[in-house]
Amino acid sequence: MRYARQDGHCATCRGSARTALGAVAGWNAVGPGVGPVGPAQLAPVYRALRKAFEDSKNEPGATDFYYGEMEMRRHDRTGTTPAEGGLLHGYWMLSGYGLRASRALGWLAATMLVTLALLGGGLPDDDPKQEVTGTVPPGGGRV
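So, how was this worked out
Residue positions are given per chain, counting from 1 as you read along its sequence in written order. Where totals are concerned, whole chains, interfaces and linings use all residues; where local detail is concerned, this predicted model gives features only for residues with pLDDT of at least 70, and gives and counts side-chain atom pairs only at 80 or more. Side-chain numbers here rest on the full set of heavy atoms in the structure, without hydrogens or water. Secondary structure elements are taken from DSSP: a helix is a run of H or I of four residues or more, a strand is a run of E of two residues or more, and numbering for both begins at the N terminus. Buried, partly exposed and exposed residues are distinguished by accessible area as a fraction of the type maximum, computed with a 1.4 Å probe on protein chains only: under 20%, between the cut-offs, and over 50%, respectively. For the purpose of charge, His is not counted, nor are the chain termini; Lys and Arg are scored as positive and Asp and Glu as negative. The working definition used for a salt bridge is a side-chain nitrogen of Lys or Arg within 4 Å of a carboxyl oxygen of Asp or Glu. Residues count as neighbours in contact if any of their non-hydrogen atoms are within 4.5 Å of one another. An expected span of 1.5 Å times one less than the residue number is assigned to each helix. Two N or O atoms count as a polar contact when they lie within 3.5 Å, although within protein this holds only if one can serve as hydrogen donor and the other as acceptor, and sequence-adjacent residues are included solely when both atoms are side-chain atoms. Each aromatic pair joins two rings of Phe, Tyr and Trp (for Trp, the six-membered one) with centres within 6.5 Å, and gets the label stacked for planes under 30 degrees apart, edge-to-face for over 60, and tilted for any other angle. Ring-over charges, as used throughout, are those where CZ of Arg or NZ of Lys falls within 6 Å of the ring centre and within 35 degrees of the ring normal.

**Remarks on the side chain of Asp76**
Within the secondary structure, Asp76 is located in the loop between helix 2 (59-75) and helix 3 (82-95). No salt bridge is formed by the buried Asp76; the nearest opposite charge belongs to Arg73, separated by 7.7 Å. When neighbours within four sequence positions are excluded, Asp76 is seen to be in contact with Pro39 and Ala40.

**Some thoughts on helix 2**
Given 3.6 residues to a turn, an α-helix orients residues that are three or four positions apart in the same direction. Across its 17 residues, helix 2 extends 24 Å between first and last C-alpha, which sits within 8% of the 24 Å expected from 1.5 Å per residue. Taken as a whole, helix 2 has its buried residues at Gly61, Ala62, Phe65, Tyr67, Gly68, Glu69, Met70, Glu71, Met72 and Arg74. Each element contacted by the buried residues of helix 2 is listed here: helix 1 (39-55), helix 3 and helix 4 (101-118). Where helix 2 starts, the residue carrying a side-chain oxygen 3.2 Å from the main-chain nitrogen of Gly61 turns out to be Asn58.

**Details of the packing of aromatic side chains**
Under the defined criterion, the tally for this structure stands at four aromatic pairs. Ring centres of Tyr46 and Phe65 lie 6.2 Å apart, and the angle between their planes is 45°; on these two criteria the pair is classed as tilted. With Tyr46 in helix 1 and Phe65 in helix 2, this pair connects stretches of sequence that are 19 residues apart. Residue Tyr46 is classed as partly exposed on the basis of its relative accessible area, which comes to 26%. Plain terms: the ring middles of Tyr67 and Tyr97 are 5.1 Å apart, the flat faces sit at 75° to each other, and that makes the pair edge-to-face. Separated by 30 residues along the polypeptide, Tyr67 in helix 2 and Tyr97 in the loop between helix 3 and helix 4 bring together distant segments of the chain. Three or more aromatic residues joined by ring pairs make a cluster, and in this case those are Tyr46, Phe53 and Phe65. Over the ring of Trp92 we find Arg74; its NZ or CZ atom is 3.9 Å from the centre of that ring.

Okay, here's the thing in structure tokens:
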């Protein structure tokens, strides 16, 4: 079997406990009473890691954990209401949770192009003739 080492070189592994993907046997085994870990369990972990990075003034590192936290919340089907899931999905699509400026700029450019396409015919050159309707009270009255 072949596996990839951390330094990027490949080597042949014969007779060891490694699998074809390079995992060590027993690492994916869980203890008794431990269920599968999903987005609902990982979101608080990402939140705690983000908070720890923010408290240590490492904001660039904290943004990675913020993105992971929001991804776990978006993928969580059990603890997230459909309305919140829709908002998170839209927030992800439009701006990458506020962290992907290129995505937001792309949507801005697309909106501008659609606006230009809709105004492609231009505005009317002549104003419509004004017509007065109604009656003026006797004595001039106030309008």
